[in-house]
Amino acid sequence: MSQPTLTLDDFPSTAPPAHSAPVEPTAQASRHWPWGRILLLTFASGVMVLFLFPIFWSVLTSFKPAAEASASPPTFWPSHFSWQNYAALTDVGVGIGRYLWNSTCVSLMTVIGVTVLSVLGGYGFSRFRFPYKSVVFMLVLATMMIPFQSILTPLFILLNVLHLHNSLLGLALVYSTFQLPFSIFMMRNSFDCVPRELEEAATLDGCNVVSTLWRVMLPVVTPGIVTVALFAFFTAWNELLVALVLITDADKFTLPVLLQSAQSQFMGGVNWGVMQAGISISILPCAFLFLLLQRFYIHGLIAGAVKA
Amino acid sequence: MIASLSRRQAIAGGLFVAPCLAMIAVFFFVPLAMTLWMSLHDWPLFGPRSFSGLANYVQLLQDASFWDSLWFTTRYTLLVTPALFIAAFILALVVQQPGRLSGLFRTAYFLPVVIGMSAASLLWVWLYNDQVGIFSAILMQLHLIDEPVQWFDSANSALLSIVAMVTWKMTGFTMVLLLVGMQAIPEDLYEAARIDGANRWHQLRYITLPLMRQTFALALTVSVIGSYLAFDQFYIMTHGGPQNSTIPVVFWIYRAAFTYSRVGYASAMSVVLLLILIVMSFVQLYLLRSDD
């Protein structure tokens, strides 16, 4: 997609004359520079505080003693830091450990499924010629227009038929499928960026197709793989609706399902501290992975969006 | 030789793409076809089903609650999209310059995006709570109100409360999309404009905004489609209340299928939602396509 270019000749005619045209641009810049910058920094910092405050407040409250966490009106700083709320999470349902395990399993299965399938698919679409390739690829991309929310009911029926309802594997299969179009697209682009000479050299050195992919290509497309895996993890870890529909046994709940069901049980205004502890636990891996692998995440977000 | 080489190419390529295509076929295209099929049936969650032709669609046309929820989803979209846009555009301008501080700000603004929508909703329900919530507490401390605000007591205030939460959560996402477009604009354009005496506002108005048209189209599509699929925040924060006034389409489909056990009817709603999504994708991309 090429940007429309603006010729320089057009510009002055479309722009009204500047009201206070600077006589000497650099002098003006140095005179005004610090104030503008200070104002900008103040604003940016203020917004930063606003954006981070809810998370900070939840985490802080999770470390308050139970009584303080449920105090009305809320108190600010905890009188002392306590693990009480986190300990209480072990009494929620069959214990938080189980739900963490469920969420971890689903997320790992999704990450592995998506990564393996999209590496294979991306490589296939990037490097091979086969009949109807571009049609098939467009079809795969087109599926991104139809998100799982709109075909939820048949998914439920289908998984019932396949005996995959109420199963973490079934959930992971659904998540993987809906992550695939984006991931295949990502991986195909990653492979497209690898120079052909690299493979030719590998073939000359006696690599076959599989070992070329495994030994030569994979190390080069690692950024793409990290991105794909990261998005798969975030989806699987955070998704609520499908898990709500597919999982009916309480001991198979994933973290989001558990938290929302705990919330509706807590709706008397009790156990707010425990709730914040649960929320903090579910936020932690996402925040950690994002801060660690930010570059890959943003890269994927941009690549995924710009294609449209 | 050439023929056999291209044959081997085709077979190898086919083998590489087969697994992911199989997954997409089974878990995407099959349910997609099932949606159409099921929408033509009187199909309860459990028990016998029967073909009913277009009966579901006929009923859907007369079902005020479905149209209400479509209208509600549209209102939500019309509120969220500009809120995200304006906030994201301002923040993108703020963090546009490269630098360590800009990086810090970008990260902070983006952090809520990676939190799950359900976790964010649970968090904000608590912030909004009249007894223990911080929002009412702060407003009371500032003597702006005498009693805690019941944010979810009226339909409009519930809607706005959710819009505020989503703006907090999703602005970073839109901001990144806009930043990409902003940074794709060549620096020489601004330089030339400065030489011609254009001030900041002129540069924004005559360079940044026009050259970001495609980026805007993109961010708009993403935001509108995302808003039409909203579920978690309403399910968790309002439960559809008060008086069923905050039920977006996906929530309504969920209810029809899994609360009222009317799977066929829910499928008919899904088909309508599908059509809306597809039409929106095409219309927006067409309207805001590149000039050439």
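One numbering rule holds for all chains: residues counted from 1, following each sequence as written. To label them, take the chains in the order written and letter them from A, then take the ligands in the order written and number them from 1. In view of the model being predicted, local features appear only for residues whose pLDDT reaches at least 70, and side-chain atom pairs are presented and counted only at 80 or more, with totals across whole chains, interfaces and linings using the full set of residues. The side-chain quantities take in all heavy atoms of the structure and omit both hydrogens and water.

**Overview of the overall build of chain B**
Along the backbone of chain B there are 13 helices and two strands. For the radius of gyration, the atoms used are the C-alpha atoms, and the globule rule reads 2.2 Å times the number of residues raised to 0.38. Its C-alpha atoms give chain B a radius of gyration of 24 Å, more than 25% over the compact-globule value 19 Å for 292 residues. Seen through its C-alpha atoms, chain B measures out along the principal axes to roughly 85 × 75 × 30 Å. Burial status across chain B gives 55% buried among its 292 residues. Contacts spanning at least 24 positions in sequence make up 67% of the contacts within chain B whose residues lie at least 6 apart. Carbon together with sulfur atoms contributes 66% to the accessible area of chain B, which is approximately 13100 Å² in total. Computed over 14 positive and 14 negative side-chain charges, the inter-centroid distance for chain B is 13 Å. A run of H or I in DSSP counts as a helix once it spans at least four residues, and a run of E counts as a strand once it spans at least two, with each numbered from the N terminus. In this scheme, a residue with accessible area under 20% of its type's maximum is buried, one over 50% is exposed, and one in between is partly exposed, where area comes from a 1.4 Å probe on protein chains only. Throughout, a contact is declared for two residues whenever any of their heavy atoms are within 4.5 Å. To be clear on the numbers: accessible area is Shrake-Rupley with a 1.4 Å probe, and residue cover counts the displayed protein chains and nothing else. As used throughout, the charge tally considers Lys and Arg to be positive and Asp and Glu to be negative, leaving His and the chain termini uncounted. Every charge is mapped onto a representative atom, which is NZ of Lys, CZ of Arg, CG of Asp or CD of Glu.

**Considerations on the UniProt feature "transmembrane region" (unreviewed entry) in chain B**
Residues and elements named next belong to chain B. UniProt positions are given in the numbering used here, feature names are shortened, and annotations may be inferred rather than shown by experiment. Per the UniProt annotation, the sites labelled "transmembrane region" (unreviewed entry) are residues 12–38, 76–95, 107–127, 158–180, 215–236 and 265–288. End C-alpha to end C-alpha, residues 12–38 measures 37 Å, and it is 100% helix and 0% strand. End C-alpha atoms of residues 76–95 are separated by 28 Å, and the span's content is 95% helix alongside 0% strand.

**Concerning the side chain of Ser223(B)**
All names here are of chain B. By secondary structure assignment, the location of Ser223 is in helix α10 (residues 213–228). A residue is classified by how much of its surface remains accessible, and Ser223, at 9% relative accessible area, is buried. Setting aside its immediate chain neighbours within four residues, Ser223 contacts Thr81 and Leu84.

**Here's the deal with unusual backbone geometry**
All names here are of chain A. Of note in the backbone geometry, His163 takes a positive phi value of approximately 55 degrees without being a glycine. If you trace the backbone, His163 turns up in the loop between α7 (152–161) and α8 (168–192). Backbone geometry at Asn166 places phi at a positive 55 degrees, although glycine is not the residue there. With respect to the element layout, Asn166 can be found in the loop between α7 and α8. Exposure remark for Asn166: the relative accessible area of 12% places this residue in the buried category.

**Overview of the confidence of the model for chain A**
All names here are of chain A. Here chain A averages 83 in pLDDT, while 86% of its residues score no lower than 70. A score from 0 to 100, pLDDT tells how confident the predictor is in each residue. The secondary structure element of chain A with the lowest average pLDDT is helix α1 (residues 10–14), at 27, and the one with the highest is helix α5 (residues 96–127), at 95. A low-confidence stretch, residues 1–30 stays under pLDDT 50, and its non-local contacts, those more than four residues away or across chains, total 29 contacts.

**Some remarks on a nonpolar patch on the surface**
All names here are of chain A. Side chains of Phe56, Phe76, Trp77 and Phe81 sit close together on the surface and give an oily, nonpolar patch of about 460 Å² of accessible area. Mapped onto the elements, Phe81 comes out in the loop between α3 (66–69) and α4 (84–88). Since its relative accessible area comes to 48%, Phe81 is described here as partly exposed. For patch building, the residue pool is restricted to those with more than 30% relative accessible area and no salt bridge; the joining distance is 9 Å between like charges and 5 Å between nonpolar side chains (Val, Leu, Ile, Met, Phe, Trp, Tyr). By definition here, a salt bridge exists when the distance from a side-chain nitrogen of Lys or Arg to a carboxyl oxygen of Asp or Glu is within 4 Å.

**Things to note about helix α9 (residues 200–211) of chain B**
The length a helix should cover is 1.5 Å for every residue beyond the first. Taking 1.5 Å per residue, 12 residues should reach 16 Å; α9(B) reaches 15 Å between its end C-alpha atoms and fits that length. Of all the positions in α9(B), only His202(B), Gln203(B), Leu204(B), Ile207(B), Thr208(B) and Leu211(B) are classed as buried.

**Regarding the packing of α5(A) against α8(A)**
Contact geometry for α5(A) and α8(A): axes closest at 6 Å, N-to-C directions at 35 degrees. When you trace α5(A) past α8(A), the crossing you get is right-handed. In this analysis, axes come from line fits to C-alpha atoms, helices being fitted only over the stretch in contact, and the angle between any two N-to-C directions falls in the range 0 to 180 degrees. Rotating anticlockwise by less than a right angle from the far helix to the near helix defines a left-handed crossing, while the corresponding clockwise rotation defines a right-handed one.

**A few points about the UniProt feature "domain: ABC transmembrane type-1" (unreviewed entry) in chain B**
The feature "domain: ABC transmembrane type-1" (unreviewed entry), as given by UniProt, occupies residues 70–284 of chain B in the numbering adopted here. Helix and strand shares over residues 70–284 of chain B are 76% and 0% respectively, and the end C-alpha atoms of the span are 19 Å apart.

**Some remarks on the UniProt feature "transmembrane region" (unreviewed entry) in chain A**
Residues and elements named next belong to chain A. The UniProt record annotates "transmembrane region" (unreviewed entry) at residues 38–60, 99–123, 135–162, 168–187, 225–247 and 274–293. Within residues 225–247, the helical portion is 87% and the strand portion 0%, while the C-alpha atoms at the span's ends are 29 Å from each other. Counted over residues 274–293, helix gives 100% and strand 0%. Its end C-alpha atoms are 29 Å apart.

**Focus on the environment of Leu177(B)**
Here Leu177(B) lies in helix α7 (residues 155–183). In this structure the C-alpha to C-alpha distance between Leu177(B) and Phe16(B), which are 161 residues apart in sequence, comes to 32 Å.

**Examining the interface of chain A and chain B**
In this complex, chain A contributes 102 residues to the contact, which on the side of chain B involves 99 residues. Here chain A meets chain B over a buried area of about 8800 Å², counting both sides, of which 80% is carbon and sulfur. Seen at the junction of chain A and chain B, the total is zero salt bridges. Contacts described as polar in this section are N or O atom pairs within 3.5 Å, which, within protein, must combine one atom able to donate a hydrogen with one able to accept it, while residues neighboring in sequence count only if both atoms come from side chains. Joining chain A to chain B, the criterion identifies eight residue pairs in polar contact (both at pLDDT 80 or more). For the side of chain A that touches chain B, the element with the highest residue contribution is helix α14 (residues 272–306) of chain A, accounting for 17 residues. Each residue is assigned to one of three groups, with Ala, Val, Leu, Ile, Met, Phe, Trp, Tyr, Cys and Pro labelled nonpolar, Asp, Glu, Lys and Arg labelled charged, and all others, Gly among them, labelled polar. A breakdown of the residues in the side of chain A that touches chain B according to their chemical character gives 78 nonpolar, 22 polar and two charged. Summed over both partners, the accessible area lost on bringing two parts together, with a 1.4 Å probe, is the buried area.

**With respect to the pattern of salt bridges**
Residue and element names in this part refer to chain A. Counted according to the given criterion, the structure contains four salt bridges over all chains. Between Arg127 and Glu199 there is a salt bridge, with the nearest N and O atoms lying 2.4 Å from each other. On the criterion of sequence distance, the pair formed by Arg127 in helix α5 and Glu199 in helix α9 (residues 196–204) is long-range, its members being 72 residues apart. Grouping residues by exposure puts Arg127 and Glu199 together as buried. Between Arg188 and Asp192 there is a salt bridge, and its shortest N-O distance comes to 3.6 Å. Of this pair, Arg188 and Asp192 both sit in helix α8, separated by four residues, roughly a single helical turn. Look at Asp192 and you get partly exposed, because its relative accessible area is 38%.

**Things to note about the environment of Gln96(B)**
Residue and element names in this part refer to chain B. Tracing the backbone shows Gln96 in the loop between α3 (64–94) and α4 (100–114). The sequence separation of Gln96 and Gln183 amounts to 87 residues, and the corresponding C-alpha distance is 7.6 Å. Contact partners of Gln96, with chain neighbours within four places excluded, come to Arg106, Leu179, Met182 and Gln183.

**Some points on the packing of aromatic side chains**
Aromatic rings from Phe, Tyr and Trp, with only the six-membered ring used for Trp, were paired whenever their centres fell within 6.5 Å, and each pair was classed as stacked if the ring planes differed by under 30 degrees, edge-to-face if by over 60, and tilted otherwise. One pass over the full model with this rule turns up 49 aromatic pairs over all chains. Between the aromatic rings of Phe148(A) and Phe178(A), the centroid separation amounts to 5.7 Å while the plane-to-plane angle is 75 degrees, which identifies the pairing as edge-to-face. Of the two residues, Phe148(A) sits in the loop between α6 (133–142) and α7 while Phe178(A) sits in helix α8, which places them 30 residues apart along the sequence. Under the relative-accessibility criterion, Phe148(A) is labelled buried at 16%. Pairing Phe66(B) with Trp67(B) gives two aromatic rings, centres 5.5 Å apart and planes at 70 degrees, and the pair type is edge-to-face. These aromatic residues form a ring-pair network of at least three members: Phe53(A), Phe56(A), Trp57(A), Phe63(A), Phe76(A), Trp77(A), Phe81(A), Trp83(A), Tyr86(A) and Trp126(B). The residue whose ring lies beneath Arg205(B) is Tyr206(B), and the NZ or CZ to ring-centre distance is 4.9 Å. Lysine and arginine charges are scored as sitting over a ring when NZ or CZ, respectively, is within 6 Å of the ring centre and within 35 degrees of the ring normal.

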